[in-house]
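A look at the structure
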Amino acid sequence: MNRRIVAILSLVIALILGALIPVAPAGAVTSQTWRQRERADFEKGEPKGVSLAADGSLRLSPRLDTLWETGQPYLWALAQDRKGNLYAAGGNDGVISRIATGAKAAPFASVAEPEIHALVVDAAGNLYAGTAPHAKVYKFGPDGKQIWAYDTGEEYVWALTFDTRGSLYAATGVEGRILKIDAGGRGQVFFDSAETHIRSLATGRDGELYAGSDGHGLVLRISPKGEGFVLYDAPLAEVTGLAVAADGSLYAAVIGETGARAPRVERPLPAPSPPAQGTGTGGEGGGPAPQPSPTPQGQEGPPPQPIAEQRIPISMEGKVLKISPDGYAREVWSGNQEAILSLAAPRGGRLLLGSSAQGRIYALDEGDKVSEVARIGSGQVTAMLPLERDVAVAGSNFGSVALLRPGYAESGLFESRVLDAHSFAAWGRAAWRAETPKGTTVALTVRCGNTEEPDRTWAAWGAPLASPDGSLVDCPTARFLQWRATLKTADVDHTPVLREVAITYLQRNLPPEIKKIEVQAPGVSFQKVPASPASGPQEARGAGSGTGDIEGGGVRKPRPTSRRGFDPGARSVTWQASDPNDDDLTYDLYYRAADETVWKRVRKDIDEDFATLDGAALPDGTYRFRVVATDAPSNPQGKALTIEELSAPFDVDTTPPRIEEIKTVVQGSTARVGFTAADSFSIIREAAWSIDAGDWQVAPPADGLEDSRSERHEIAVEGLAAGEHSVVIRATDGAGNTGSGRTVIRTP
């Protein structure tokens, strides 16, 4: 259970660094602009009293006043009586607290169970509480005294609600039932689902009851007669919240793990059960609820486990669905590793969504666009209750109660994500675009440093920048930078709006890096394949930070690719190189034999990362390649940087072995043949012989080991018929070259 895991105009800002930025050709280390104006850009920052609107602008949050910090980890339920008293409860002490207008929170009543998941108040001011485990529904008078306690026979009471006629309903688990409870504390099964839990309830305008289940994520509409109809089969397993909007649309918050729903098992929905007989406990008495499925005789069921800390597992996701009165449903919000745990539909206001992440409260704007309006101090927003003008908000991890009020907070801060310039950078001008009605202001400050996370080694926040049209950033050369906007208003009915911030900077030019050089095996060749037609568009230079909110830095030429092939006479070398400034690179290739002192250049201004040479141009010997990389194509004359790297030594051997000093001695039908296999560079690896075009046979060296450039071999050819015979001898050197020789023998 997841309760348990609880603008229109585009401003072109010309930002000039003046003397800080030299004139450079296209594609050079030129100025770049960090521009934030999209919702996705601002979502990476940290708002404090600032809201992120659906259009991507920043504005002051609604007023959010903390009423009470409980000291308990969870608050799951809120209710209010007609006198304005607010009630809150959760876990793990079974205490219901009351917050009177202008007063501090105080204990109001307590229950035997540790957890309270639902609270409602009737027209007479009586308070009802639903508990777990060993679920009961309690009724307390306005004075806090218990009137009755109704034992549901279930393990959980997840939700309580009244219909338009004042009848009380309780959503339960683990039998997935809705119970109808009368004023005297007597209950009956109003609706019995095929699900394990009924997790949420809401009352429609026409008296129908809406319910959300856990198991298959069903949204059900239940008539006053207790007849159920599946209004929507949600894509996730659990419906955590329901809210009915003024136009009759139903909103459902669902949560679960994609693809993890249990297979759907269909069974008829039973008709309403007759009232249960019996007597409850308490002043007015009550009836026992229908009991869950009995435990087999002789076995004891496991005791109910305490509900775990309300967190969303990494594999979880959440959605909010809008279901029209005719049953059409569409998704209006979705989150990865985030879910909506509570919904509220204030009269005449926007639908509010309480998140499982960072205490976020979202609002559904006109056109079903989602804005983040506020953040509470708790980790999750687990309950929301519309009041006459305000909205009460309960948080968990840690438990707190706050009021979301009309109007705007007097001030708020927004800290941007940290920009990584990827090298030391000189900072230019900052500009911003904002709307500041009378009595409102937006101030921008910056700081910088050389650690990824801001710490005390960073420069302090500077003074507010003077002009939104462009002010020089007063920050030393550094790799990282962050900006902060302070929004203020003297009129709570108006807020400043920040739409865009742009800061220009220039990276220090850094040398290229060559990570690896590999000399390929003989015969491997590479052919250049152009990356795009010469007339095609040039590739935009990368943003450096990889976030997509960096502009400029010139353009880079399309990089060619290669096609690998085989050419017996080829000799190839490849390398891997990069540039911290994302500059275009070219390469010069040199070679030198082991017994030489001067490098010879064989290729100049290569723009690919390989070279293929004619192996015949390299005499037998041991060599090295030297690759020199330069960022000259992207920098002014005199500003380019180079780096070089040497390959490992490699051998060139294109000359086959020689078969020499063949001597033959014939004795009857046996011939003894001796020969020498010699090579000018490599050792002899193998020798073999064949007679009269027969199978090849190994010719072992005379000393038993092939370990030198000259090896003597002796072979005996036996069983020869009388006449002429041809013996072919071959030898292979360490480079794979093969040489051969022949001798003719005659036997009597």
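Computed from a predicted structure; not experimentally measured.

We now examine the overall build of the protein. A tally of helices and strands in the protein yields one helix and 59 strands. Scored against the burial criterion, the 748 residues of the protein give a buried share of 51%. Of the roughly 34600 Å² of accessible surface on the protein, 49% is carried by carbon and sulfur atoms.

Attention now goes to the nonpolar core. W427, W483 and I503 are the most contacted members of the largest nonpolar core, which totals 30 residues. The dominant element in this core, judged by the number of residues it contributes, is strand β35 (residues 419-435), at six residues. Ranked by size, the runner-up nonpolar core spans 19 residues in total, among them V573, A611, L618 and V652.

Attention now moves to the packing of aromatic side chains. This model, assessed by the stated rule, comprises 17 aromatic pairs. Taking 5.7 Å as the distance between ring centres and 40° as the angle between the ring planes, the aromatic pair formed by F526 and F610 counts as tilted. Of this pair, F526 sits in strand β41 (residues 524-529) while F610 sits in strand β49 (residues 610-614); the two residues are 84 residues apart in sequence, bridging distant segments of the chain. Judged on exposure class, the residue F526 and its partner F610 are both buried. Connected via pairs of aromatic rings, a cluster forms that spans Y591, Y623, F625 and F650. Positioned above the aromatic ring of W158 is the side chain of R199, whose terminal nitrogen or guanidinium carbon lies 4.8 Å from the ring centre.

The next point concerns unusual backbone geometry. Most of the time, phi is negative for any residue but glycine, and the peptide bond is trans. Along the chain, G91 connects to N92 via a cis peptide bond; the corresponding omega equals 20°. Mapping N92 onto the fold places it in the loop between β7 (86-91) and β8 (95-99). The step from A132 to P133 runs through a cis peptide bond, and the omega angle for that step is -15°. If you trace the backbone, P133 turns up in the loop between β11 (127-132) and β12 (136-140).

In the structure shown here, the tally under the stated rule is one disulfide. The disulfide bridge from C448 ends at C475, spanning 2.5 Å between sulfur atoms. A torsion of -115° about the S-S bond marks the disulfide between C448 and C475 as left-handed. Residue C448 is located in strand β36 (residues 440-449), and its partner C475 is located in the loop between β37 (471-472) and β38 (478-489); the two are separated by 27 residues in the primary sequence. We note that C448, like C475, is buried.

What the second largest pocket holds in volume is close to 480 Å³. Looking at the second largest pocket, it is lined by 25 residues, and the ones nearest its centre are P62, R350, L352, L404 and R405. For the lining of the second largest pocket, the elements supplying multiple residues, two or more each, are β3 (50-52), β4 (58-60), β30 (370-375) and β33 (400-408). With five residues, the single largest contributor to the lining of the second largest pocket is β33.

On to the pattern of salt bridges, then. This structure, assessed with the given rule, holds 36 salt bridges. We note a salt bridge from E500 to R35, for which the minimum N-O separation is 2.6 Å. In this pair, E500 sits in strand β39 (residues 497-507) while R35 sits in strand β1 (residues 32-36), placing the two residues 465 residues apart along the sequence. For E500, a relative accessible area of 0% corresponds to the buried category. The class of R35 is buried, set by a relative accessible area of 9%. Note that E608 is salt-bridged to K528, the shortest N-O span being 3.7 Å. You can see E608 sitting in the loop between β48 (600-606) and β49 and its partner K528 sitting in strand β41, a full 80 residues away along the chain. Salt bridges sharing common partners tie together R35, R37, R433, E500 and E551.

Take the environment of A632 next. By the secondary structure assignment, A632 is in the loop between β50 (621-630) and β51 (642-646). Counting along the chain gives 47 residues from A632 to L585, while the straight-line C-alpha distance between them is 7.1 Å.

With that out of the way, let us pick up the sheet that holds strand β56 (residues 697-698). Read across the sheet, four strands follow the order β56-β55-β58-β59 without closing on themselves; strand pairing throughout is antiparallel. Of all strands in the sheet, those with a lone pairing partner are β56 and β59 (738-747), marking the two edges.

Take the confidence of the model for the protein next. Do not read the fine detail of predicted coordinates wherever pLDDT is low. In this model, the protein carries an average pLDDT of 86, and 85% of its residues clear a pLDDT of 70 or more. With pLDDT under 50 throughout, residues 4-27 is counted as low confidence; its partners more than four residues away or in other chains account for 64 contacts. Confidence over residues 539-546 falls short of pLDDT 50; this stretch has 27 contacts with residues more than four positions distant or in other chains.

What follows deals with the side chain of D41. Note on placement: D41 falls in helix α1 (residues 39-42). For the buried residue D41, which engages in no salt bridge, the nearest side chain bearing the opposite charge is K44, 4.8 Å off.

Quick look at the sheet that holds strand β31 (residues 380-386) now. The four strands lie next to each other as β5-β33-β32-β31, forming an open sheet whose pairing is antiparallel. Edge positions in the sheet fall to β5 (62-69) and β31, since each has one partner strand and no second. Here the strands of the sheet are splayed against their neighbours by 25° on average, with no regard to which way each runs. Examined bridge by bridge, β5 and β33 share seven bridges and lie antiparallel to one another. Of the residues in β33, the one forming a bridge with D65 is L403.

In this section: the pairing of strand β47 (residues 586-593). Within β47, seven of the eight residues are buried, which leaves the element mostly enclosed by the surrounding structure. One ladder, built from eight bridges, connects β47 with β50; its direction is antiparallel. Within the sheet, the bridge partner assigned to A593 lies in β50 and is Y623. Direction of pairing for β47 relative to β48: antiparallel, over a ladder of four bridges. Residue pairing across strands places Y591 opposite K600, the latter belonging to β48.

Before going further, it helps to spend a moment on the pairing of strand β32 (residues 391-396). Consecutive residues of a regular strand have side chains that alternate between opposite faces of the sheet. With six of six residues buried, β32 is to be regarded as a mostly interior element. What you see with β32 is no split at all: V391, V393 and G395 on one side and A392, A394 and S396 on the other are buried throughout. Of the pairings in the sheet, the one linking β31 to β32 comprises six bridges and is antiparallel in character. In the strand pairing of β32, M384 is matched with V393. The hairpin formed by β31 and β32 contains four residues between the paired strands. Note that β32 and β33 share five bridges and pair antiparallel. Directly across from A392, in β33, lies its bridge partner L403. Counting the residues between successive antiparallel strands, the hairpin from β32 to β33 contains three residues, one of them, N397, with a positive phi of roughly 55°.

Okay, the side chain of D653 next. Secondary-structure assignment places D653 in the loop between β52 (650-652) and β53 (658-667). For D653, which is buried and forms no salt bridge, the nearest opposite charge comes from R709, at a distance of 9.0 Å. Reaching out from D653, the side chain makes a polar contact with the side chain of S682 at a distance of 2.3 Å. Ignoring anything within four residues of it in the chain, the contact list for D653 reads D620, D679, F681, S682, D733, A735 and N737.

Cut-offs used in this document
Residues numbered from 1 in each chain as written. Predicted model: local features only at pLDDT ≥ 70, side-chain atom pairs only at ≥ 80, totals over all residues. Heavy atoms only, no water. Helix = DSSP H or I, 4+ residues; strand = E, 2+ residues; numbered from the N terminus. Buried < 20%, exposed > 50% of the residue type's maximum accessible area, 1.4 Å probe, protein only. Areas by Shrake-Rupley, 256 points an atom, 1.4 Å probe, with all protein chains shown as cover. Core = buried A, V, L, I, M, F, W, Y, C linked by side-chain atoms within 4.5 Å. Phe/Tyr/Trp six-rings, centres within 6.5 Å; stacked < 30°, edge-to-face > 60°. Lys NZ or Arg CZ within 6 Å of the ring centre and 35° of its normal. Disulfide = S-S within 2.5 Å. 1 Å grid on protein atoms, 1.4 Å probe; cavity = no way out; pocket = protein on both sides within 12 Å on 5 of 7 lines; lining within 4 Å. Points joined across faces, edges and corners; volume = space filled by probe spheres on them. Salt bridge = Lys/Arg side-chain N within 4 Å of Asp/Glu carboxyl O. Pairing = 2+ DSSP bridges. pLDDT = per-residue confidence, 0-100. Contact = heavy atoms within 4.5 Å. Lys, Arg positive; Asp, Glu negative; His and termini not counted. Axes fitted to C-alpha atoms, helices over the stretch in contact; angles between N-to-C directions. Polar contact = N/O pair within 3.5 Å; in protein donor to acceptor, adjacent residues only side chain to side chain.

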